[in-house]
Amino acid sequence: MKGVILGINREANVVDLTHQVRSFDILEAAFTLARSYPYFPNGTVHVAVVDPGVGSTRRPILASTERAHFIGPDNGIFSLVYEREPSTVVRHLTAGRYFLDPVSQTFHGRDMFAPVAAWLSKGVSPEQLGERITDPVRLALAAPEHADTGVIRGAVIHIDKFGNLLTNLKPADFPPGRSFRLLLNRREVTRLVTDYAAGSPGELLAIAGSAGFVEIAANQRSAAAILGAERGSAVTVIFD
Amino acid sequence: MKGVILGINREANVVDLTHQVRSFDILEAAFTLARSYPYFPNGTVHVAVVDPGVGSTRRPILASTERAHFIGPDNGIFSLVYEREPSTVVRHLTAGRYFLDPVSQTFHGRDMFAPVAAWLSKGVSPEQLGERITDPVRLALAAPEHADTGVIRGAVIHIDKFGNLLTNLKPADFPPGRSFRLLLNRREVTRLVTDYAAGSPGELLAIAGSAGFVEIAANQRSAAAILGAERGSAVTVIFD
Amino acid sequence: MKGVILGINREANVVDLTHQVRSFDILEAAFTLARSYPYFPNGTVHVAVVDPGVGSTRRPILASTERAHFIGPDNGIFSLVYEREPSTVVRHLTAGRYFLDPVSQTFHGRDMFAPVAAWLSKGVSPEQLGERITDPVRLALAAPEHADTGVIRGAVIHIDKFGNLLTNLKPADFPPGRSFRLLLNRREVTRLVTDYAAGSPGELLAIAGSAGFVEIAANQRSAAAILGAERGSAVTVIFD
């Protein structure tokens, strides 16, 4: 993919964001991208590939916001972009003259996404690349459920490489000064802090994380291992 | 290596192709390179290091085609380049003035390959770098055996990170419309398709892969795990 | 971090050194950096993050030598730089106008180190970034002990991905021509060579490695696996 991009635009500055996303794990890719793209300069073209289930069933798409472009398969990988940027315009990439020739059936990243990204960076406009669509695939991201007054039922939606557990809870779900018990696999967390290093080594903490979600972490330890937690594990918050 | 290159040519655009090749695995490196180099722009200098068995027994070499240069140890890593590009000229890198001083015995990538690559990118000619040789090391790549009319005996030559099995069979070995049974570890594959997503989840398929070889894959699953296959596993195709 | 850097200095050439350092492993990061930085061009700004234990307890620092800048947490990650470059000037990064706003508590690499690195590359001077400090954290690196005439007691301080064991012994500890027995987990090494390929496959060798330390290696094998060695394993050298 890098070779294809540089063959079209020798001046392109190609940046690796990550190669650590697990195969087929669209949600993890969506999170990684959502956490990173706001920090890139205006006009950045992001290319994302995670799902090898390529072929006719996945439309190649371009999602454009005011600040950036996103190119990849229509498998939900840009769901968090759509959620945050309501003015996103999504197009079905159909202008074959901007693809490699021939297009293989097994590597759309190289044959379609990379060349389209390079042509965009050279000034080709989104309008030249395909027709607008209004039904891109969106992942069903569980939102926490405010079950009763004083009870929230959420879930672990992502586990990072340190074993920190990202939940679908937001810091705003925790009123300042109100005491709570956060329950996860029969363990209790009662402190919301702003700093991984706040606890004693191994102590479980809730943290307002850099992705905008509340994370469960253990100072210098893997919270996932301590709690036996997995993605999808239930998280219940009870306010006293 | 990147520091050395940028120290000689500050304008160099250094691209990481992969850091995932297993130690000592020259064949995997050769495949990865062969699958990628045709997509890079004319004039690209490729540097490849995989084998830490450096030292006097491995000549540092430069292989030059009409479109690109390849720098690395003479351990067979460029075998697929030689096979595809019969006009490749190989040189033994001996012009010590283009190496770092001193050259360590344990990191030729940094001390010889990287500086030579940078000098090439600055306009030094291959002729200045060493004498032509005609006996570079070539890997003995198993070719499939057409045992009888209607029987081909091949092998798995590479397993990618998704568990897809690359065989040494070519799509041209499968006449269009002729039915076949491909046997691998007592399992049978009877469909050759052009698309990973063609099967039901977990179904085994033969695919005309992007590297030019027939791959055995399972939609959204690891074919290697399903089949218990390893590199070298026998693959037999019987045409009906 | 790359996005932040490019947002401030679009001309920056961002190079990935490694993403393979284990979480929390400051010593491994210090080694990786020490082995690499001398090969980068004058003026390079190195950014290093390894410890997620960020927060108020770790000062963000800038260490400047005559040739390069180093930005990261004050957790000892630059200890080998201090040791080799006695004229290093260390500053506590306090000039908030060069940070992202707001600074999160959980990702100083993105919010403080990356923007400061970009501003340095744009010509902001170290003096503008914070006050000099004289008490940066230094790792206590075990030095080998010259126990008796003819006996040195050292340790394994690092194991690379090939299973080579870096010790804290220096080649200068081995007088040329003097025979020795190096003992590690009841196995003996008696040859100091300059080349991984010098031995027969699997033979244990002492090598003057590219990091400036004596390494224990096995030709085409993992010395760590053969010896059951870990970081911290004792290494004793007895001269005859």
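For the structure itself, look to the data block above.
Residues numbered from 1 in each chain as written. Chains lettered and ligands numbered in written order. Predicted model: local features only at pLDDT ≥ 70, side-chain atom pairs only at ≥ 80, totals over all residues. Heavy atoms only, no water.

A. Summary view of the sheet that holds strand β4 (residues 89–92) of chain C. All names here are of chain C. Strand order in the open sheet formed by 5 strands is β1-β3-β2-β4-β5, with mixed pairing between adjacent strands. At either margin of the open sheet sits one strand with a lone partner, and together these are β1 (44–47) and β5 (132–133). Summarising the sheet, strand β2 (residues 60–64) and strand β3 (residues 68–73) pair through 5 bridges and their orientation is antiparallel. Along β3, the bridge assignment pairs Leu 62 with Ile 71. (Pairing = 2+ DSSP bridges. Helix = DSSP H or I, 4+ residues; strand = E, 2+ residues; numbered from the N terminus.)

B. Region of interest: helix α2 (residues 26–36) of chain A. All names here are of chain A. Where burial is concerned, most of α2 is hidden: 10 out of the 11 residues are buried. Residues Ile 26, Leu 27, Glu 28, Ala 29, Ala 30, Phe 31, Thr 32, Leu 33, Ala 34 and Ser 36 constitute the buried set of α2. On its buried face, α2 is in contact with β1 (44–47), β3 (68–73), α3 (79–84), β7 (151–159) and β8 (165–167). (Buried < 20%, exposed > 50% of the residue type's maximum accessible area, 1.4 Å probe, protein only. Contact = heavy atoms within 4.5 Å.)

C. Main features of the pattern of salt bridges. For the structure on display, the rule yields 21 salt bridges over all chains. Between Arg 110 of chain B and Asp 111 of chain B there is a salt bridge; the shortest N-O distance is 2.7 Å. Of the two residues, Arg 110 of chain B and Asp 111 of chain B, neither departs from the other in class, the shared state being buried. For Asp 240 of chain C, the salt bridge is made with Arg 181 of chain C, and the minimal N-O distance between the two is 3.7 Å. Separated by 59 residues along the polypeptide, Asp 240 of chain C in the segment after β14 (234–239) and Arg 181 of chain C in strand β9 (residues 180–184) bring together distant segments of the chain. The network of salt bridges with common partners includes Arg 59, Asp 74 and Asp 135 of chain A. (Salt bridge = Lys/Arg side-chain N within 4 Å of Asp/Glu carboxyl O.)

D. Highlighting the side chain of Asp 111 of chain B. With respect to the helices and strands, Asp 111 of chain B occurs in helix α4 (residues 108–121). Filtering out sequence-adjacent residues up to four positions away, Asp 111 of chain B remains in contact with Phe 99, Leu 100, Pro 102, Val 103 and Ser 104 of chain B together with Tyr 39 of chain C.

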